There are 2 protein chains.
Amino acid sequence: MVRQAKNASSARNSSNSSDHSEKMDMDTSNGYHCPNGDTLQELQDCANRMRITSIEITAAANSGHPTSSCSAAEIVSTLFFHEMRYDPSNPRDPSSDRFVLSKGHASPILYAAWLETGHLTKNQVMTLRKIDSDIEGHPTPRLDFVDIATGSLGQGLSSAAGMAYVGKYIDKASYRVYCLIGDGESAEGAVWEAAAFASTYKLDNLVAVFDVNRLGQSQATPLGHDVQTYQKRLEAFGFHAIIVDGHDVAALLKAFHVAKTVSEKPVAIIAKTLKGKGIEGVEDEDNWHGKPVPIEKIKAIEQRIKNKGTIALKPQPPIYDAPKVDLKLGHIKLSEGPNYKVGDKVATRLAYGTALVKIGKGSDRVIALDGDTKNSTFSDKFLKEFPDRFIECFIAEQNLVGVAVGAATRHRTIPFCSTFAAFFTRAADQLRVAAISFANIKCAGSHVGVSIGEDGPSQMALEDLALFRSIPDSTVFYPTDAVSCERAVEFAANIQGLVFIRTGRPALPVIY
Amino acid sequence: MVRQAKNASSARNSSNSSDHSEKMDMDTSNGYHCPNGDTLQELQDCANRMRITSIEITAAANSGHPTSSCSAAEIVSTLFFHEMRYDPSNPRDPSSDRFVLSKGHASPILYAAWLETGHLTKNQVMTLRKIDSDIEGHPTPRLDFVDIATGSLGQGLSSAAGMAYVGKYIDKASYRVYCLIGDGESAEGAVWEAAAFASTYKLDNLVAVFDVNRLGQSQATPLGHDVQTYQKRLEAFGFHAIIVDGHDVAALLKAFHVAKTVSEKPVAIIAKTLKGKGIEGVEDEDNWHGKPVPIEKIKAIEQRIKNKGTIALKPQPPIYDAPKVDLKLGHIKLSEGPNYKVGDKVATRLAYGTALVKIGKGSDRVIALDGDTKNSTFSDKFLKEFPDRFIECFIAEQNLVGVAVGAATRHRTIPFCSTFAAFFTRAADQLRVAAISFANIKCAGSHVGVSIGEDGPSQMALEDLALFRSIPDSTVFYPTDAVSCERAVEFAANIQGLVFIRTGRPALPVIY
């Protein structure tokens, strides 16, 4: 399952090295070509203009997170105007690189970036946090340049890893995935589930940028600016981890360049930054989380900008090699109908596995994921039939759901993820946010109710209905027999959005 | 807040070094005294007897996890009959060392150990998985030697860390905490949340034993027997990490000894083991997870046992220095009543902070925990008044709840934990299992409903009522004003069990 999309990867690298040749100086020490001073100045100016935008729009809203945005200004300017390949006029092009803002509260810098690209107007970004505006406090896919909702921290890397997995193994395309993560949110265990997943599957098309600005909401983080410890953790979890000054555009560009040369490993760029960077009297100070800063603070930043106009740099275009995909929503059929006799004793979980194989035959974009329970949920039937479309996520249900959400973005796949229904509660927050993302994912939870008996209450799904039924726009199927279960799987594949299929452990009579 | 209970610690060490002096040989290479051969043989025999018990009781039940038990047999025999200090006739003595079986499916080895101590009878353990028996598939505190329910994987270390935190900083007592974790479950992010917490607070009274038996339920783990990578991860997360052969009783004893010499860091013992160890044709083989093995397999194990009788070793007694605690349940009062005028505009979250301080005055065992939102939930008022009883858990809500569950065990404290109500969904599984643990914890969730407005749906608690109302025996308070909120906090402190208090963001009129 772990294979390299070699052609795509080498095509990308050669293409990349020529694109900036006209603006590059030779760095003789290591063969890396650093862009020339004009380019660096443009990127620095862009970062400062985005700082100003962040301050302006949060001041106008009288709420929001300008300081969390300012720490990431150079990271975002270098990503958006040098590193990433995308088409600003078509943000969801399947061949474009992906950008996931896991630290969703830094939304002002994201909106500022899309203002710089010309995709948003100043009037639009000035509607930040207004009741009738999609320019929300935390970004959602109501905006065409956002793939997944963020704002509940620590979820972005799982979905980014899901996108990268699909890019490398299913699309086999050149696009890369960049995920910007806050240092505070790296306390969330889901980040480490995703990290282990990314290295297990050698996702060398994934770059996780950690914005280590030292300050959380209510106090400093436990590690502060101890970037070495972040590096050790990420290396231990299988990343190639690079420490940089997150306000040095040249250092960032070099790190992104190195990231592209790493193979068989995901890359982490650990950017040492200052919260509120560039804002006098605010930079690196406590008690500025989630607070607008006085608008006059922009004056000092303006004075640092050389090019007062729009940015002269254009993003690199995508390498258009992502396959055209037709999910056939509404037209996916079981390859053959349910084949049971009334009175046959069949567990609905077994019927789930059977049906999953049948719809897998109907669409090569149906994929299956499991959390080391595949021989209980019977998703292993899909693994046997379609090994290239099965993702073992091990015992990490938050990441299981997060990867599915990422895999479903840009209509690349229809993911069916399974585990014991009780253990979907582990991913309750991810499921809640999946609905905000309008994620087209299907969850099959097995061993529901007291039928699991002697295993005890920790294994019994009793709260699962309350969980899934309270999520807006979700659909819940609780099939009573094998026939209705197979049809529920077929329905699920054809309905847009979050679907939960509840299956049982014991073999029960077929009634339909 | 990070202080050492120095006297308790040194008392323990000196006491410990004398206890086994009569049975120790000198290991001249490092000054460590290894117990003599007789002791080692007793511990090995005990491990094998527990293997036989595990096989017998799962065979009788025709279900259960003998192979996951057998990998941990030597770990458990050395812990229970050499390392841990406890009174087998009084398992919940507050001064006893704690043992948390995070890999709860290995319950047979736990029941076998308590059979060896004489606390359980053979007839009792033979009722494993019977419908009217408390000897369940996964252990719960219905049994007096179990502090927390396990079985949903990856939760044990958080609660063990909560116990260790209370032991070190609140009880300031000698007891130590041992947590046995499976390698498969270490994929759960909650394990890494707990690991970061344990090192941040320098919990040198905590020992996490990782049973690295290589095999998960449905396939091998990603790391297999790569114990070096486990060591790197745990060192990066701030542990002193020791690799041992988990079937070598002498090596285990030495590792536990070293663990006691480590200060200001938690210790991880990474035990390389074989699943099904000792069972011919099953050991280290795939496809034996959660399956009984043929009963005749015990014969070969019996032949390896020298002492066929009961164990000659007795557990070390506790150091009786845990303070006597009276939680005063039913008698905790606000130090003064609510003091508002009808029509005053006060946010219920502010009233929560005010009331928390007032009941903190009424009981020195009320503690508060938060997830880096204390300046929003107003638990920071408690921090200011009682810094020694406030635990900052940073952005890791699973661990926040898990630590609270651990802190509440053995009636040591009444924990109030707070974050945005939306983010309690991150700990839905921990809360579900907390109820199975009969945990006496209180959760205060702020910023409920749409009142958080422009921050967007990811921050809005909409599903929280469904979450808490579906948990058996939980109590939910949704106070409408500051007066009722203060009284809800007072009630919560006096009710046994899980209580959820739902507070709002905006200042609203006092009506009572």
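Quick caveat: nothing in here was measured; it's all calculated off a predicted structure.

*Asks:* Quick question: what am I supposed to make of the nonpolar core here?
*Replies:* Proteins that are soluble and globular tend to have nonpolar side chains buried together. Among the nonpolar cores identified, the biggest contains 148 residues, and A:Leu203, A:Leu431, A:Ile441, B:Leu203, B:Leu431 and B:Ile441 are the most heavily contacted of them. Residue contacts for A:Leu203: discarding those within four places in its chain leaves A:Ala161, A:Ala164, A:Tyr165, A:Tyr169, A:Phe197, A:Ala198, A:Lys265 and A:Pro266.

*Asks:* What should I look at first to understand the UniProt feature "domain: Transketolase-like pyrimidine-binding" (unreviewed entry) in chain A in this one?
*Replies:* The positions that UniProt labels "domain: Transketolase-like pyrimidine-binding" (unreviewed entry) are, in the present scheme, residues 346-510 of chain A. End-to-end, the C-alpha atoms of residues 346-510 of chain A are 7 Å apart, and along that stretch the chain is 39% helix and 18% strand.

*Asks:* I would appreciate a short explanation of the interface of chain B and chain A in the present structure.
*Replies:* Reports often express the size of an interface as the amount of accessible area lost when the parts come together. Contact residues are listed per partner, giving 67 residues for chain B and 67 residues for chain A. Overall, the association of chain B and chain A removes approximately 5,400 Å² of surface from exposure, summing both partners, and the carbon and sulfur fraction of that is 49%. The interface formed by chain B and chain A includes six salt bridges. A salt bridge links B:Asp455 to A:Arg129, with the shortest nitrogen-to-oxygen separation between them at 2.6 Å. Our count for the contact surface shared by chain B and chain A stands at 44 residue pairs in polar contact (both at pLDDT 80 or more). Only α8 (189-200), α9 (227-236), α13 (374-377), α15 (397-408) and α16 (428-436) of chain B provide two or more residues apiece to the side of chain B that touches chain A. The greatest single-element share of the side of chain B that touches chain A, amounting to seven residues, is contributed by α8(B). In terms of residue class, the side of chain B that touches chain A is built from 21 nonpolar, 29 polar and 17 charged.

*Asks:* Honestly, the pairing of strand β5 (residues 206-212) of chain A in this entry has me stumped. Any pointers?
*Replies:* For a regular strand, side-chain orientation follows a simple rule: the groups alternate between the two sheet faces. Residue and element names in this part refer to chain A. Most of β5 is tucked away, with seven of its seven residues classed as buried. Burial along β5 is two-sided: the residues Leu206, Ala208, Phe210 and Val212 and Val207, Val209 and Asp211 are all buried. The pairing of strand β4 (residues 177-182) with β5 spans six bridges and is parallel. Each bridged residue has a counterpart across the sheet, and for Val177 the counterpart in β5 is Leu206. Crossover handedness for the path β4 to helix α8 (residues 189-200) to β5: right-handed.

*Asks:* Looking at this structure, I do not really get the sheet that holds strand β12 (residues 442-446) of chain A. What am I missing?
*Replies:* Each strand in a sheet pairs with its neighbour through backbone hydrogen bonds, running either in the same direction (parallel) or in the opposite one (antiparallel). Residues and elements named next belong to chain A. Spatially, β10-β9-β11-β12-β14-β13 is the arrangement adopted by the six strands of the open sheet, whose pairing is parallel. Pairing within the sheet leaves two strands with one partner each, and these edge strands are β10 (390-392) and β13 (475-477). Mean inter-strand twist for the sheet, computed between neighbouring axes without regard to direction, equals 20°. Judged from the five bridges that link them, strand β11 (residues 414-420) and β12 form a sheet pairing that is parallel. What sits directly across from Thr419, in β12, is Gly445.

*Asks:* Any chance you could explain the packing of helix α2 (residues 37-61) of chain B against helix α10 (residues 249-261) of chain B here in plain terms?
*Replies:* Relative orientation and spacing of two packed helices are given, respectively, by the angle between their axes and the distance between those axes. All names here are of chain B. Remark: α2 packs on α10, axes separated minimally by 9 Å, with the N-to-C direction vectors making an angle of 105°. As judged from the angle between their axes, α2 and α10 are roughly perpendicular. Where α2 approaches α10, its residues Leu40, Leu43 and Gln44 are matched on the opposing element by Val249, Ala250 and Leu253. Per-class residue counts for the contact of α2 with α10 are five nonpolar, one polar and no charged.

*Asks:* What's the story with the sheet that holds strand β11 (residues 414-420) of chain B in this structure? I'm lost.
*Replies:* Residues and elements named next belong to chain B. With parallel pairing, the six strands of this open sheet are ordered in space as β10-β9-β11-β12-β14-β13. Edge positions in the sheet fall to β10 (390-392) and β13 (475-477), since each of these pairs with one other strand and no more. Across the sheet, the mean angle from the axis of one strand to that of its neighbour is 20°, orientation sign disregarded. In this sheet, β10 lies alongside strand β9 (residues 366-370) in parallel orientation, the contact comprising three bridges. Bridge assignment links Ala368 to a residue of β10, and that residue is Phe390. Taken strand by strand, helix α12 (residues 348-362) contacts β9, β11 and β12 (442-446), and its axis lies near 165° from that of β11.

*Asks:* What should I look at first to understand the relation of the copies chain B and chain A in this one?
*Replies:* Copy one and copy two of the chain differ by a rotation about a common axis and a shift along it. By a simple turn and slide, chain B fits onto chain A: the slide is 0.0 Å along the axis, the RMSD is 0.0 Å, and the turn is 180°. With respect to symmetry, the two chain copies, as superposed, fit the operation of a two-fold axis. The rotation axis passes nearest to the C-alpha of B:Gly189 in chain B, at a distance of 1.8 Å. Mapped onto chain A, 100% of the interface residues of chain B again fall at the interface, so both copies present the same surface.

Calculation notes
- Residues numbered from 1 in each chain as written.
- Chains lettered and ligands numbered in written order.
- Predicted model: local features only at pLDDT ≥ 70, side-chain atom pairs only at ≥ 80, totals over all residues.
- Heavy atoms only, no water.
- Core = buried A, V, L, I, M, F, W, Y, C linked by side-chain atoms within 4.5 Å.
- Buried < 20%, exposed > 50% of the residue type's maximum accessible area, 1.4 Å probe, protein only.
- Contact = heavy atoms within 4.5 Å.
- UniProt positions renumbered as here; feature names shortened; annotations may be inferred.
- Helix = DSSP H or I, 4+ residues; strand = E, 2+ residues; numbered from the N terminus.
- Buried area = accessible area lost by both parts, 1.4 Å probe.
- Salt bridge = Lys/Arg side-chain N within 4 Å of Asp/Glu carboxyl O.
- Polar contact = N/O pair within 3.5 Å; in protein donor to acceptor, adjacent residues only side chain to side chain.
- Nonpolar A, V, L, I, M, F, W, Y, C, P; charged D, E, K, R; others polar.
- Pairing = 2+ DSSP bridges.
- Right-handed = clockwise from strand over helix to strand, strands pointing away.
- Axes fitted to C-alpha atoms, helices over the stretch in contact; angles between N-to-C directions.
- Parallel < 35°, antiparallel > 145°, perpendicular 65-115°, else oblique.
- Least-squares fit on C-alpha atoms with pLDDT ≥ 70 in both.

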